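# Fold and geometry: a report
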Amino acid sequence: ELTDSEIKLTGNVDNYDGYQYALRIADSDDVVISDNVFDVALPARDVDWMSAGIDQDHVLAIGIQNGENLKITRNTINNNVIGQTAYTTLDTLMVSGTQNIEISYNNISQIDAASTAVGYYNVVDLYSFTGTVEYNNIIVNTTTGAVGSGTAYPIQMNGPFTATVSYNNLTAISNGPTAGIMTANWAGI
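### What about a negative patch on the surface?
Side chains of D27, D29, D30 and E68 sit close together on the surface and give a patch of like negative charge. On the secondary structure map, D30 appears in the loop between β3 (20–26) and β4 (31–34).

Structure, rendered in structure tokens:
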């Protein structure tokens, strides 16, 4: 369990080689993350398409890879973009290969007021999972980059997955495509 804690992380825009995560959980079951405050300032970076799961994103506020029975509830997660590399992506919460996950009653924001390039932002980014995403307030706000480019998705889900998504308050502001919930078959049917 990680409860009643305050986690602060300021990433390094010039760190292209390593990972920058405020919290990374891998191959773990029966995890509870509740009643925490995450104040994170991270650069948006290129995605490593040769890696798998959360290892594709070298920069994350929270990354969870493989496990069962995880609960992320009643947290405040603030992710502020502090710069970028060329083809920029940043997720706040990325989950891959996790079964029976509950993401509920969280306040999650991802704000980019600093970048000059296009940003591709998925606040809650879920791959190959089962679970619920309910009663969250999720906002992504970026008006940087060229008009008509970049993305802003409060929730992105990639298959195969079985999920219940309900009672969320989703806000997306961008110069490019926005969607409250984006689904795709990136990792399967």
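There is more to say, and it comes next.
### Examining the sheet that holds strand β15 (residues 169–173)
Two orientations exist for strands paired in a sheet by backbone hydrogen bonds: parallel and antiparallel. Spatial strand order, β2-β5-β7-β9-β12-β15: six strands in an open sheet with parallel pairing. Since the sheet does not close on itself, it has two edges, and those belong to β2 (6–10) and β15, each with one partner. On average, each strand axis in the sheet is inclined to that of its neighbour by 10 degrees, with strand direction left out of account. In terms of strand pairing, strand β5 (residues 37–44) meets strand β7 (residues 76–84) through seven bridges, oriented parallel. Bridge pairing in β7 places F38 opposite I77.

### Focus: the nonpolar core
Ranked by size, the top nonpolar core spans 34 residues in total, and within it I64 and V124 carry the most contacts. With six residues, the single largest contributor to this core is strand β6 (residues 59–73). Other than its neighbours up to four places away in sequence, V124 contacts L93, I103, I108, I138, P154, I155 and Q156. Ranked by size, the runner-up nonpolar core spans five residues in total, among them Y21, I54, M94 and Y127.

Procedures and definitions
- Residues numbered from 1 in each chain as written.
- Predicted model: local features only at pLDDT ≥ 70, side-chain atom pairs only at ≥ 80, totals over all residues.
- Heavy atoms only, no water.
- Patch = residues over 30% accessible without salt bridge, like charges linked within 9 Å, V, L, I, M, F, W, Y side chains within 5 Å.
- Areas by Shrake-Rupley, 256 points an atom, 1.4 Å probe, with all protein chains shown as cover.
- Salt bridge = Lys/Arg side-chain N within 4 Å of Asp/Glu carboxyl O.
- Lys, Arg positive; Asp, Glu negative; His and termini not counted.
- Charge placed at Lys NZ, Arg CZ, Asp CG, Glu CD.
- Helix = DSSP H or I, 4+ residues; strand = E, 2+ residues; numbered from the N terminus.
- Pairing = 2+ DSSP bridges.
- Axes fitted to C-alpha atoms, helices over the stretch in contact; angles between N-to-C directions.
- Core = buried A, V, L, I, M, F, W, Y, C linked by side-chain atoms within 4.5 Å.
- Buried < 20%, exposed > 50% of the residue type's maximum accessible area, 1.4 Å probe, protein only.
- Contact = heavy atoms within 4.5 Å.

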